[in-house]
Amino acid sequence: MERKWWHEKVAYQIYPKSFYDANGDGIGDLQGVLARLDYLQELGVDILWLSPIYCSPLADQGYDISDYYGIDPRFGTMEELEALIAEGRKRGMGVLMDLVVNHCSDEHEWFRKACADPDGPYGNFFYIEPYDGTHLPCNWRSTFGGPCWDVLPGHPDRVYFHTFHRKQPDLNWENPQLRQEIYKMMRWWLDKGLAGFRVDAIINIRKPLPWRDFPADREDGLCSVASVQTQATGIGAFLREMKAEALRPYNAFTAAEVFGIPPERLPEFEGEDGYFSTLFDFSSELFGQTAEGWHTYTRITPEDYKRCCFAHQAATAGVAFPANIIENHDEPRGVSRYIPAADRAAMSPAQYERAKKLLGGLSFFLRGLPFLYQGQELGMENVPFHSIAELNDVSAAQNYALALAAGRSEEEALAVCALWSRDNARTPFQWDASPNAGFTTGTPWMRVNPNYTRLNLAQERAQADSVFHFYRKLIALRRDAAYVEVLAHGSLTPYLPEQGNLMAYLRRNGGRTVLVAGNFQLEPQEMALPAPIRQVLLTNGGAIAFWEDRVGLEGYAFLVAELA
Ligand code: TEU
Ligand code: CA
């Protein structure tokens, strides 16, 4: 594959609302990000993705944009964003904005104009259909529950389509005028010096038209819009046009959120001449999910995780450079998801820290672009929610109701939501042990995880073998002049994949071979070596016995070693 400037970088997702609140109103802001740029430089990351900070009513935490050209005053000003781009550039950091163009907010002027005159030019910026008061154009269910159709405000004889929340009307990408408005906006932002975009929910922009029912997947007679989307064809025409008109002229970097395409289409989306620079590998996040709701999800085991990672690595080997994550703003905290609950319950705090490092290291050195999520570098954990009222996420309310309707008790329904809710990733970053974890001097918009008194940056900075310092070592090793060729650009070959709860792989390039291995269980196990160890590069503090032809790994021991 041709080398790109971003292949040697490490990316970091900032959820601004929960990162750092500089003005004490309880909401994270751009001044807060600016104030913490030196921290991000100390960590060693150099691509920053900002979750949406555009004007928004925050019906979906900013993924419902009411002005694509404005910064929401809650987050700050355009001048502060421009300063962030400039300050980032001084530190060798590129800034990505979140490109949310499958839909906008129902408070956007386009939608207001469509409501004022559905037959005018802005009516065709959306999917607006006649409505007889009974029959909807199709039986698709929105991501957040209920039909994808709502009555157009002021027009009981019309309905409009929304993949997500009813306050997020889908933009009609079949309309070339709409597409040109989007490309113009993208160029405007790239002219400001953005390195590119994270591209939101983009697979939804082409619908399997004409509107028609699909077999119901639940008692409500509806079917999941996500499953229907897989029937759509022709999205390439739009994505090729977007790339030609708004991305390629700027050599813009794009990390796209794409669900539901088969592995054989990955080169089309993220290959040498793909629509995007890279796609997030969501294979382990999607594992065990169903259309019935969170109460029917199955948890992923270390063996499942290994298989997901290696399958995606095989599908992208030599043709694409995937973005690798263990969590983001839509997912539970990775350490609470991928480390088996039974193991967690049996671990000492020190063992849990080692397990967090093992998970982070195994993901980090996969072939591709490591994409960290704010707080991952501290080993931040899921929140012990005690009431459904504590949950803010629109997804949680729907899934709580689904669990109860399926006969689960209130305790079981709460436990399911506490495990899977996006709120787990949206609690304030834990800076120190001062009130509200140093996130705000005001009242935080979302409760801080009560474990902040023991789990916070200040404490981890002072602890030499903390998860934080371990992530700094991961980043430094991948960037090390002696190893960047093999760890950033090298091939990946699974090693002993059939050995249970051993996740190991070989990275090779330029005559160097690096073994990355983790004993993903409490019980110790031995691992034969494919060649003698030349140098141990990194461990996570787990006890390792070394012999010429094998190593003995204690539970959750992690090892990175160059082989002879
Ligand atoms: O998520 C896209 C997406 O597919 C969601 O349905 C995701 O699976 C869901 O949020 C999980 O509960 C993007 C954003 O990442 C998400 O935060 C937004 O809610 C969504 O688009 C709408 O913009
Ligand atoms: Ca603030």
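The structure we're discussing is the one just above.
Residues numbered from 1 in each chain as written. Chains lettered and ligands numbered in written order. Predicted model: local features only at pLDDT ≥ 70, side-chain atom pairs only at ≥ 80, totals over all residues. Heavy atoms only, no water.

1. Here we look at the overall build of the protein chain
(1) Moving on: When helices and strands are counted, the protein chain shows 18 helices and 23 strands.
(2) Moving on: Taking 2.2 N^0.38 as the reference for a compact globule, 564 residues should give roughly 24 Å; the C-alpha atoms of the protein chain span a radius of gyration of 24 Å, in line with that estimate.
(3) Moving on: With respect to the principal axes defined by its C-alpha atoms, the protein chain has extents near 75 × 55 × 50 Å.
(4) Moving on: Within the span of the protein chain, comprising 564 residues, buried residues form 62% of the whole.
(5) Moving on: A total of about 20100 Å² of accessible surface is found on the protein chain, and carbon and sulfur atoms cover 52% of it. (Helix = DSSP H or I, 4+ residues; strand = E, 2+ residues; numbered from the N terminus. Rg over C-alpha atoms; globule rule 2.2 N^0.38 Å. Buried < 20%, exposed > 50% of the residue type's maximum accessible area, 1.4 Å probe, protein only. Areas by Shrake-Rupley, 256 points an atom, 1.4 Å probe, with all protein chains shown as cover.)

2. Observations regarding the site of ligand 1
(1) Moving on: Near ligand 1, the surroundings consist of 17 residues, among which Asp60, Asp200, His329, Asp330 and Arg422 are the closest.
(2) Moving on: Between an oxygen atom of ligand 1 and a side-chain N or O atom of His103, the distance comes to 3.0 Å.
(3) Moving on: Isolated, ligand 1 exposes 490 Å² of accessible area, and the fraction of that covered by the protein chains is 88%.
(4) Moving on: Along the lines of polarity and charge, the residues of the shell around ligand 1 split into 5 nonpolar, 5 polar and 7 charged. (Near = heavy atom within 4 Å. Polar contact = N/O pair within 3.5 Å; in protein donor to acceptor, adjacent residues only side chain to side chain. Nonpolar A, V, L, I, M, F, W, Y, C, P; charged D, E, K, R; others polar.)

3. Some words on the coordination of the calcium ion (ligand 2)
(1) Moving on: For the calcium ion (ligand 2), the protein coordination sphere consists of Asp21 (OD), Asn23 (OD1), Asp25 (OD), Ile27 (O) and Asp29 (OD), at 2.2 to 2.3 Å.
(2) Moving on: As a motif over one chain, the donors of the calcium ion (ligand 2) read D-x1-N-x1-D-x1-I-x1-D. In this pair, the class of Asp21 matches that of Ile27, namely buried. (Donors = N, O, S within 2.8 Å, 3.2 Å for Na, K, Ca; no water.)

4. Let's talk about the pairing of strand 23 (residues 558-563)
(1) Moving on: Counting buried positions over the 6 residues of strand 23 gives 6, a clear majority of the element.
(2) Moving on: Pairing geometry for strand 18 (residues 512-519) and strand 23, over 6 bridges, is antiparallel. Pairing of Leu515 across the sheet is with Ala561, part of strand 23.
(3) Moving on: Of the strand pairs in this sheet, strand 20 (residues 533-539) and strand 23 are connected by 5 bridges, and their pairing is antiparallel. Residue pairing across strands places Thr539 opposite Leu559, the latter belonging to strand 23. (Pairing = 2+ DSSP bridges.)

5. Brief notes about the packing of helix 14 (residues 394-405) against helix 15 (residues 410-420)
How two helices pack is summed up by the angle between their axes together with the distance between the axes.
(1) Moving on: Running from amino to carboxyl end, helix 14 crosses helix 15 at an angle of 145 degrees, the nearest separation of the two axes being 9 Å. Relative to helix 15, the crossing made by helix 14 is right-handed. Of helix 15, the residues touching helix 14 (which contributes Ala396, Asn399, Tyr400, Ala403 and Leu404) are Glu410, Ala413, Leu414 and Cys417.
(2) Moving on: Of the residues contributing to the contact of helix 14 with helix 15, the split by class is 7 nonpolar, 1 polar and 1 charged. (Axes fitted to C-alpha atoms, helices over the stretch in contact; angles between N-to-C directions. Left-handed = near helix turned anticlockwise from the far one by under 90°. Contact = heavy atoms within 4.5 Å.)

6. What about the pattern of salt bridges?
(1) Moving on: Applying the stated criterion across every chain yields a total of 43 salt bridges.
(2) Moving on: The residue Arg74 makes a salt bridge to Asp72 at a minimum N-O spacing of 2.8 Å.
(3) Moving on: The exposure class assigned to Asp72 is buried, which follows from its relative accessible area of 5%.
(4) Moving on: Notably, a salt bridge pairs Arg91 with Glu87, separated by 2.8 Å at the nearest N-O pair.
(5) Moving on: Residue classification places Arg91 among the partly exposed positions, given a relative accessible area of 23%.
(6) Moving on: Through salt bridges with shared partners, a single network forms among Asp60, Asp330, Asp393, Arg422 and Arg426. (Salt bridge = Lys/Arg side-chain N within 4 Å of Asp/Glu carboxyl O.)

7. Here we look at the packing of helix 5 (residues 176-190) against helix 7 (residues 235-247)
(1) Moving on: As a packed pair, helix 5 and helix 7 sit with axes 9 Å apart at the nearest point and diverge in direction by 40 degrees. By the angle between their directions, the pair helix 5 and helix 7 is classed as oblique. Regarding helix 5 and helix 7, the two cross each other, and that crossing is right-handed. Each of Arg179, Gln180, Tyr183, Met186, Arg187 and Leu190 in helix 5 lies in contact with helix 7, whose residues at this interface are Phe238, Glu241, Met242, Glu245, Ala246 and Leu247.
(2) Moving on: The residue makeup of the contact of helix 5 with helix 7, split by class, is 7 nonpolar, 1 polar and 4 charged. (Parallel < 35°, antiparallel > 145°, perpendicular 65-115°, else oblique.)

8. Observations regarding the state of the cysteines
(1) Moving on: For the coordinates displayed, the defined rule picks out 0 disulfides.
(2) Moving on: Of all cysteine sulfurs, the one in Cys104 lies closest to Cys55, which takes part in no disulfide; the gap is 13 Å.
(3) Moving on: With no disulfide of its own, Cys138 lies closest to Cys148 among cysteine sulfurs, the gap being 6.5 Å.
(4) Moving on: What makes Cys138 buried here is its relative accessible area of 3%. (Disulfide = S-S within 2.5 Å.)

9. Quick look at the sheet that holds strand 8 (residues 149-152)
(1) Moving on: Taken in spatial order, the 3 strands of this open sheet run 6-9-8, and their pairing is antiparallel. Each edge of the sheet is formed by a strand with only one pairing partner; in this case those strands are strand 6 (128-130) and strand 8. Taken over all neighbouring pairs, the strand axes of this sheet differ in orientation by 40 degrees on average, direction set aside.
(2) Moving on: Strand direction decides the pairing type here: strand 8 and strand 9 (residues 155-161), joined by 4 bridges, are antiparallel. What sits directly across from Val151, in strand 9, is Val159.

10. Some words on the packing of aromatic side chains
(1) Moving on: The final tally for this structure, using the stated rule, is 44 aromatic pairs.
(2) Moving on: Summarising the aromatic geometry, the rings of Phe269 and Tyr275 are spaced 5.1 Å apart at their centres and angled 85 degrees between planes, so their arrangement reads as edge-to-face.
(3) Moving on: Joined through ring pairs, the aromatic side chains of Tyr54, Tyr68, Tyr69, Trp110, Tyr122, Phe125, Trp188 and Trp189 make up one cluster.
(4) Moving on: Looking at Lys17, its charged tip hangs above the ring of Trp445, at a distance of 4.0 Å from the centre.
(5) Moving on: One Lys or Arg, Arg36, reaches over the ring of Tyr20 and ends 4.0 Å from the middle of that ring. (Phe/Tyr/Trp six-rings, centres within 6.5 Å; stacked < 30°, edge-to-face > 60°. Lys NZ or Arg CZ within 6 Å of the ring centre and 35° of its normal.)

11. With respect to the sheet that holds strand 19 (residues 525-528)
(1) Moving on: Sheet architecture is open: 3 strands sit in the order 19-22-21, paired in antiparallel fashion. Each having just a single partner strand, strand 19 and strand 21 (544-546) make up the two edges of the open sheet. Across the sheet, the axes of successive neighbouring strands diverge by a mean angle of 20 degrees, strand direction being ignored.
(2) Moving on: When strand 21 meets strand 22 (residues 550-553), the two strands line up antiparallel, connected through 3 bridges. When the bridges of strand 22 are listed, Ala545 appears paired with Gly552.

Limitation: the analysis is restricted to geometry and does not speak to function.
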